[in-house]
Amino acid sequence: MKIAHKIATALFTVSLLGAFTGCASTSTKEGTGEYVDDSVITTKVKASIFNEPTLKTTEINVETFKGTVQLSGFVAQPEDIAKAAEVARGVKGVTAVKNDLHVK
């Protein structure tokens with residue numbers, strides 16, 4: 001009976017370690033917590049851009065990976081490119097902004 005208990009404990013431990021390493025992040029893959037954090041940052045950046053009256057949110061795409069926000073899409077005027085980046089940088093949790101916006 002002791003051997004069966006030890007085997008069951010060992011299998012449980014190995015499966016538990018596998019579960020934790022499956023959620024770990026790498027340089028190209030986010031962990032579960034980071035994905036949730038990035039989703040929150042993306043939502044906050046989109047909301048901030050939406051609340052900026054000079055920017056059209058339907059033409060600005062926002063993606064976040066490990067705190068770095070990437071803006072892409074189109075804006076009406078050249079100064080809107082800088083404004084969108086400024087708004088994104090003002091969101092808590094944003095570590096960097098990659099601005100790939102273009103004037104329509």
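Here's what I pulled together on the structure shown here. Along each chain, residue indices are assigned from 1 in the same order as the chain's sequence is written. Only residues with pLDDT of at least 70 get local features here, since the model is predicted, and only at 80 or more are side-chain atom pairs given and counted; chain-wide, interface and lining totals rely on the full set of residues. Remark: hydrogens and water are excluded; side-chain values derive from all non-hydrogen atoms of the structure.

1. As for the sheet that holds strand 1 (residues 60-65)
Strand order in the open sheet formed by three strands is 1-2-3, and the pairing between neighbours is mixed. The sheet is open, and its two edges are formed by strand 1 and strand 3 (96-103), each paired on a single side. Neighbour-to-neighbour, the strand axes of the sheet open up by a mean angle of 10°, direction not taken into account. Only when DSSP finds a minimum of two bridges between them are two strands counted as paired. Secondary structure elements follow DSSP: runs of H or I of four or more residues count as helices, runs of E of two or more count as strands, with numbering from the N terminus. Pairing between strand 2 (residues 68-75) and strand 3: eight bridges, direction parallel. Bridge pairing in strand 3 places Phe74 opposite His102. Working rule for contacts: check all heavy atoms of both residues, and any pair within 4.5 Å makes them a contact. Fitted lines through C-alpha atoms give the axes, limited to the stretch in contact for helices. The angle between two N-to-C directions lies from 0 to 180 degrees. In this fold helix 3 (residues 78-89) packs onto strand 1, strand 2 and strand 3, with an angle of close to 155° to the strand it touches most, strand 3.

2. Observations regarding the environment of Lys98
By secondary structure assignment, the location of Lys98 is in strand 3. A C-alpha to C-alpha distance of 4.6 Å links Lys98 and Gln70, two positions 28 residues apart in sequence.

3. Description of the pairing of strand 2
Accessible area is worked out with a 1.4 Å probe on protein chains only. A residue is then buried under 20% of its type maximum, exposed over 50%, and partly exposed in between. Burial along strand 2 is one-sided: Val69, Leu71, Gly73 and Val75 are buried, and none of Thr68, Gln70, Ser72 and Phe74, which face the opposite way, are. Here strand 1 pairs with strand 2 via six bridges, running antiparallel. Directly across from Thr64, in strand 2, lies its bridge partner Val69. Hairpin remark: strand 1 followed by strand 2, antiparallel, with two residues in the connecting loop; positive phi at Lys66, about 50°.

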